[in-house]
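Topology and contacts: notes
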Amino acid sequence: MSIKNVTLKLLGNIEEYLAEALLACFVLLLFAQILLRQFFQYSLPWGEELATYMFVWFAYLGATVAAKMSAHNRVTFQFQFFPPIVRKVCMAVSDVLWVCFNMYFVYLSYDFVFNRMNLFWKSQTLGLPMKYFYMILPAAFTLMSIRILWNLYLTLFKGVELLDPEAEEIEKLKQTAATQQ
């Protein structure tokens, strides 16, 4: 594999790698906290706060991964009654509305983090500026919007039918059941 392909793959999956790393780190941190409390009657004063912030970052990055995989929860039952072209247009309109909401939230969160947040707000035990913890908001919603727009492009202009992972798994199970009968 060329360096260009490796770099593109890394950038294309950056949210997944960061989310996986955050999940592993905060689970290990909480596990260490449990061991320290049970066996040494000691706990890291900053451990739970850091684990909480890591979990929040993990959740927002997980939302961007779900947007990338078209796996967000959404109500689409009503679209099943429409002809395929109307269904596609309705899904596109709902995605554009979703991106509009995200962009408005990016604006609000960016304004809060960089203009309205008191520079002296610090986390309780870590002592780090709260700005660093809140920066996930504009970043995640921007990444989510990019992923939604990319999926919309693939669907409308490339003709790719995106299935969320659960729908793919259900299709595989149906095919396996059909071949076994």
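Thresholds, definitions, all that
Residues numbered from 1 in each chain as written. Predicted model: local features only at pLDDT ≥ 70, side-chain atom pairs only at ≥ 80, totals over all residues. Heavy atoms only, no water. Core = buried A, V, L, I, M, F, W, Y, C linked by side-chain atoms within 4.5 Å. Buried < 20%, exposed > 50% of the residue type's maximum accessible area, 1.4 Å probe, protein only. Helix = DSSP H or I, 4+ residues; strand = E, 2+ residues; numbered from the N terminus. Contact = heavy atoms within 4.5 Å. Patch = residues over 30% accessible without salt bridge, like charges linked within 9 Å, V, L, I, M, F, W, Y side chains within 5 Å. Areas by Shrake-Rupley, 256 points an atom, 1.4 Å probe, with all protein chains shown as cover. Salt bridge = Lys/Arg side-chain N within 4 Å of Asp/Glu carboxyl O. Phe/Tyr/Trp six-rings, centres within 6.5 Å; stacked < 30°, edge-to-face > 60°.

1. As for the nonpolar core
By size, the foremost hydrophobic cluster in this structure holds 11 residues: Ala19, Leu22, Phe26, Leu29, Leu44, Ala51, Met54, Leu61, Ile136, Leu137 and Ala140. Sorting the residues of this core by element identifies helix H2 (14-40), helix H3 (47-68) and helix H6 (136-157) as the ones contributing at least two each. Considering each element in turn, this core owes the most residues, 4 residues, to H2. Setting aside chain neighbours within four positions, we find Leu22 in contact with Met54, Trp57, Phe58 and Leu61. Of all hydrophobic cores here, the second largest spans 7 residues; its members include Ala63, Phe141, Met144 and Ile148.

2. Side note on a nonpolar patch on the surface
A surface patch of nonpolar side chains, about 930 Å² in accessible area, is lined by Val75, Phe77, Phe81, Phe82, Ile85, Val86, Val89, Val93 and Leu97. Relative to the elements of secondary structure, Phe77 occurs in the loop between H3 and helix H4 (84-116). Residue classification places Phe77 among the exposed residues on the basis of a relative accessible area of 60%.

3. Focus on the packing of aromatic side chains
The full count for this structure, using the stated rule, is 13 aromatic pairs. Seen in terms of ring centroids, Phe79 and Phe82 are 6.1 Å apart; in terms of plane orientation they differ by 40 degrees. Their pairing is tilted. Measuring from ring centre to ring centre gives 6.2 Å for Phe101 and Phe105, while their planes differ by 25 degrees; the resulting arrangement is stacked. Of the two residues, Phe101 and Phe105 are both situated in helix H4; the distance of 4 residues between them amounts to about one turn of the helix. Put simply, the rings of Tyr60, Phe101, Phe105 and Phe141 touch in pairs and so form one group of aromatic residues.

Everything listed here is a matter of geometry and, on its own, says nothing about what the molecule does.
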